[in-house]
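# Topology and contacts: notes
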Amino acid sequence: MKIEDISKSLGLDSKAFDRGDLIVKSPIDGSVIGRVQQATSKDVSRKITQAVDAFHHWREVPAPRRGELVRLLGEELRSHKDALGHLVTLENGKLLQEGLGEVQEMIDICDFAVGLSRQLYGLTITSERPGHHMRENWHPLGPVGVISAFNFPVAVWSWNSAIAFVCGDSVLWKPSDKTPMTALACQHLFERAAAKFGDAPDHLSQIMVCGRKIAQAMIDDPRMPLISATGSTAMGRAIAPRIAERFGRTILELGGNNAIIVAPSADLDLAIRGTVFGAVGTCGQRCTSTRRLIVQGSIYDDFISRLKKAYASIPVGNPFEDSVLVGPLIDQTAFKGMEAALEKAKEAGGVIWGGGRVLDNKYPDGFYVQPAIVEMSGQVDIVREETFAPILYVMKYDDFEEAIAIQNGVPQGLSSSIFTNDVREAEKFTSTAGSDCGIANVNIGTSGAEIGGAFGGEKETGGGRESGSDSWKAYMRRSTSTVNYSNQLPLAQGIEFDVG
Ligand code: NAD
């Protein structure tokens, strides 16, 4: 699909991707695919005012009715899945299957949020005072700022906004400046849904395409009670103290450094498939990509030789081609990051298999690489860093406790998994004394989370939770109400305070 066809299928006007000064290039071949208008600081301030106005209207709409808007958004996504999936692949470079899968994830979270719109439950609590009722109320919070990364250019917006809309909040989205066209497409689909809905307030959903400097205006504005930010740990480190300074809330979804442990009892066929998908899928550019492999010594040689064999057969190429399993890196900076990491690993004694640039004759402006396996004798500094590229560091362990210590011995805490058929190991891994990550899987890889669970991680991953389970609570404010229906005024904790 060409960009003109995608734009037409989405119902966008012919100039939608041809206005403004931000030039967008496809990572597939470096060709220019669009020009997008960027917001100024003044625009940001105006948009926040509009988001506040929209919130004041929207919070009064009953939650199940708010769910109807999200249902209509889900319908728009269903009807335009193919076009939006193609646009994701064109702008971000992930495989078409993954682009379509990302849109499916948006549809799934809309379905989830529609059900949630009738389940924003609070507790009733027994009061210690006679003649009193106590309960929790969940109220809409305010305008929610969403910052998203290039690697999930549309799903992250939907995880946040589908939930925020049913919770009664307005949303102001700053997408990655590497993927603004998919953001424009999402905003357009939202507007179509809002037109069908009828009486949604203007500016309930807005986007601002801008760099980090302009985004500061949103980060620092006290009218934005919650900023949900997805991206690198460096980004989280820069914005979190500023938001904390004004007592704003954050949901931080930051970098990961995810590991798989392969135990001697594991089904090795499953473990190979889980490892390969986790490590090379999306060209190693998922927050949950497998970056470390911890293999028990007795199966190490066999497992690594099978893994190298599997890697040798992986087709790298244009992500629109059916047979391809690994597409390009997002840009040259990402490629240089991969090169530098491999150099450091080599200096630290790592033995490298693969890793070079490929297809540069065919795509001189695209950055395709052969995924790398690096055997390390220990968890040195470079292994403890997240490099956003398909590098898999492999380490050996003797006993299970050592494997858990290696798995937990990094600053990040997003996703983890173990392949084992030993029930004790599996249960220990998911127990208090096991993995310290937000995601701890058994006999599946580290990537490919479902929307039904709360998504996020610990330590430098930021501690935020998005998507399913009770993550919605972060998008609302809670009040506890005690109602006295008696004609006495007993005080809590038995305190006597008689006046007159
Ligand atoms: P990035 O940190 O470079 O950018 C992410 C977003 O933050 C972009 O919109 C960017 O413009 C913005 N940004 C960066 N610095 C900022 C600042 N100082 N002020 C305001 N905005 C700022 O990340 P990226 O390269 O786009 O994405 C890859 C990173 O995202 C990886 O570290 C990956 O692990 C992480 N990620 C995490 C999750 C998760 O759920 N934990 C999901 C996807 C990606």
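Note that the structure is a prediction, hence the values are computed from the model and not measured.

Definitions and limits used
- Residues numbered from 1 in each chain as written.
- Predicted model: local features only at pLDDT ≥ 70, side-chain atom pairs only at ≥ 80, totals over all residues.
- Heavy atoms only, no water.
- Pairing = 2+ DSSP bridges.
- Helix = DSSP H or I, 4+ residues; strand = E, 2+ residues; numbered from the N terminus.
- Axes fitted to C-alpha atoms, helices over the stretch in contact; angles between N-to-C directions.
- Contact = heavy atoms within 4.5 Å.
- Buried < 20%, exposed > 50% of the residue type's maximum accessible area, 1.4 Å probe, protein only.
- Phe/Tyr/Trp six-rings, centres within 6.5 Å; stacked < 30°, edge-to-face > 60°.
- Lys NZ or Arg CZ within 6 Å of the ring centre and 35° of its normal.
- Domains from an automatic or database assignment.
- Buried area = accessible area lost by both parts, 1.4 Å probe.
- Salt bridge = Lys/Arg side-chain N within 4 Å of Asp/Glu carboxyl O.
- Polar contact = N/O pair within 3.5 Å; in protein donor to acceptor, adjacent residues only side chain to side chain.
- Nonpolar A, V, L, I, M, F, W, Y, C, P; charged D, E, K, R; others polar.
- 1 Å grid on protein atoms, 1.4 Å probe; cavity = no way out; pocket = protein on both sides within 12 Å on 5 of 7 lines; lining within 4 Å.
- Points joined across faces, edges and corners; volume = space filled by probe spheres on them.

### A look at the sheet that holds strand S18 (residues 415-419)
With mixed pairing, the 7 strands of this open sheet are ordered in space as S12-S15-S16-S11-S10-S18-S19. Two strands close off the open sheet at either side, each with one partner strand: strand S12 (351-353) and strand S19 (439-442). Strand-to-strand twist in this sheet, taken as the mean axis angle between neighbours without regard to direction, amounts to 20°. Relative to strand S16 (residues 391-397), strand S11 (residues 290-296) runs parallel, the two being bridged by 5 bridges. In the strand pairing of S16, arginine 292 is matched with tyrosine 393. Relative to strand S10 (residues 258-262), helix H10 (residues 268-280) is tilted by about 165°, and along the sheet it contacts S10, S11, S16 and S18. Where helix H13 (residues 400-408) meets the sheet, its contacts fall on S10, S11, S16 and S18, and the angle it forms with S16 comes to roughly 150°.

### Points about unusual backbone geometry
Despite not being glycine, serine 467 has its phi angle at roughly 75°, a positive value. By the element assignment, serine 467 lies in strand S22 (residues 466-467). Here serine 467 falls in the buried class, since its relative accessible area comes to 2%. Positive phi is not limited to glycine here, since serine 469 has a value of about 50°. Checked against the element boundaries, serine 469 lands in the loop between S22 and strand S23 (476-484). Overall, the relative accessible area of 42% leaves serine 469 in the partly exposed class.

### Regarding the packing of aromatic side chains
Tallied over the full model, the rule gives 9 aromatic pairs. Each ring, one from tryptophan 157 and one from tryptophan 173, has its centre 5.2 Å from the other, and the planes form 15°; the classification is stacked. Residue tryptophan 157 is located in helix H6 (residues 155-166), and its partner tryptophan 173 is located in strand S6 (residues 171-174); the two are separated by 16 residues in the primary sequence. Comparing tryptophan 157 with tryptophan 173, the two get one shared label, buried. The lysine or arginine in question, lysine 94, covers the ring of phenylalanine 152, its NZ or CZ lying 3.8 Å from the ring centre.

### Here we look at the domain arrangement of the protein chain
Each assigned domain of the protein chain is listed here: domain 1 (3-254 + 462-480) and domain 2 (258-442). Spacing between the C-alpha centres of domain 1 and domain 2 amounts to 31 Å. Tallying the contact residues gives 20 residues for domain 1 and 24 residues for domain 2. Here domain 1 meets domain 2 over a buried area of about 1,700 Å², counting both sides, of which 65% is carbon and sulfur. Inspection of the domain 1/domain 2 interface yields 2 salt bridges. Linking domain 1 to domain 2 there are 4 residue pairs in polar contact (both at pLDDT 80 or more). Among the elements of the structure, helix H4 (81-92) and helix H5 (96-116) are those that each provide at least two residues to the side of domain 1 that touches domain 2. Examining the composition of the side of domain 1 that touches domain 2, we find that 5 residues originate from one element, H4, more than from any other. Across the side of domain 1 that touches domain 2, the residue classes tally to 8 nonpolar, 6 polar and 6 charged.

### Quick word on the layout of surface pockets
Size it by volume and the largest pocket reaches roughly 1,300 Å³. Taken together, 50 residues make up the lining of the largest pocket; nearest its centre are Arg212, Gly231, Ser232, Thr233 and Met235. Among the secondary structure elements, those contributing two or more residues to the lining of the largest pocket are H6, helix H8 (212-219), helix H9 (233-245) and helix H12 (332-347). The dominant element in the lining of the largest pocket, judged by the number of residues it contributes, is H12, at 7 residues. A per-class count over the lining of the largest pocket returns 24 nonpolar, 15 polar and 11 charged. Summarising the domain contributions, the lining of the largest pocket has at least three residues from each of domain 1 (3-254 + 462-480) and domain 2 (258-442). Lining the second largest pocket are 29 residues, and of these Lys47, Leu184, Gln187, Glu191 and Ile207 sit closest to its centre. Broken down by secondary-structure element, the contributors of at least two residues to the lining of the second largest pocket are helix H2 (41-58), helix H7 (180-197) and strand S7 (205-207). When residues of the lining of the second largest pocket are assigned to their parent elements, the largest contribution, 6 residues, is made by H7. Residues belonging to the lining of the second largest pocket are distributed by class as follows: 14 nonpolar, 8 polar and 7 charged.

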